[in-house]
Amino acid sequence: MTTKDTKSTTIRISEETKEKIENLDFVRKHTFDEILNELINNYKEKKKGGRK
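Not measured: the values here are computed from a predicted model.

A few points about the overall build of the protein chain
Link 1 in the chain: Broken down by element type, the protein chain carries two helices and zero strands.
Link 2 in the chain: Burial analysis of the protein chain (52 residues in total) assigns 6% to the buried set.
Link 3 in the chain: Total accessible area computed for the protein chain in this model is approximately 5,500 Å², and 49% of it derives from carbon and sulfur atoms.

Observations concerning the pattern of salt bridges
Link 1 in the chain: A complete count under the given rule lists three salt bridges for this structure.
Link 2 in the chain: Residue Lys20 is joined to Glu16 by a salt bridge in which the shortest nitrogen-to-oxygen separation is 3.6 Å. You can see Lys20 and its partner Glu16 sitting in helix H1 (residues 15-22), four residues apart, about one turn around the helix. The exposure classification of Lys20 matches that of Glu16, with both residues exposed.
Link 3 in the chain: When the shortest N-O distance is used, the salt bridge between Glu45 and Lys48 registers 3.5 Å. Of this pair, Glu45 and Lys48 both sit in helix H2 (residues 32-49), separated by three residues, roughly a single helical turn.
Link 4 in the chain: Under the relative-accessibility criterion, Lys48 is labelled exposed at 56%.

Reading guide: rules and limits
Residues numbered from 1 in each chain as written. Predicted model: local features only at pLDDT ≥ 70, side-chain atom pairs only at ≥ 80, totals over all residues. Heavy atoms only, no water. Helix = DSSP H or I, 4+ residues; strand = E, 2+ residues; numbered from the N terminus. Buried < 20%, exposed > 50% of the residue type's maximum accessible area, 1.4 Å probe, protein only. Areas by Shrake-Rupley, 256 points an atom, 1.4 Å probe, with all protein chains shown as cover. Salt bridge = Lys/Arg side-chain N within 4 Å of Asp/Glu carboxyl O.

If you want it as structure tokens, here you go:
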């Protein structure tokens with residue numbers, strides 16, 4: 001079994017933002033790490049799509 005060498009960091013968000021994130025459809029099935037990566041990927045795709 002292989003383990004990842006990961007570092008943990010604290011991300012401070014407001015209660016309002018946390019509630020908005022928790023209400024997203026894909027969030028209920030994922031870890032916060034997966035959620036952040038999904039949001040980053042969506043951001044990158046939108047940014048790339050806008051540069052035609």
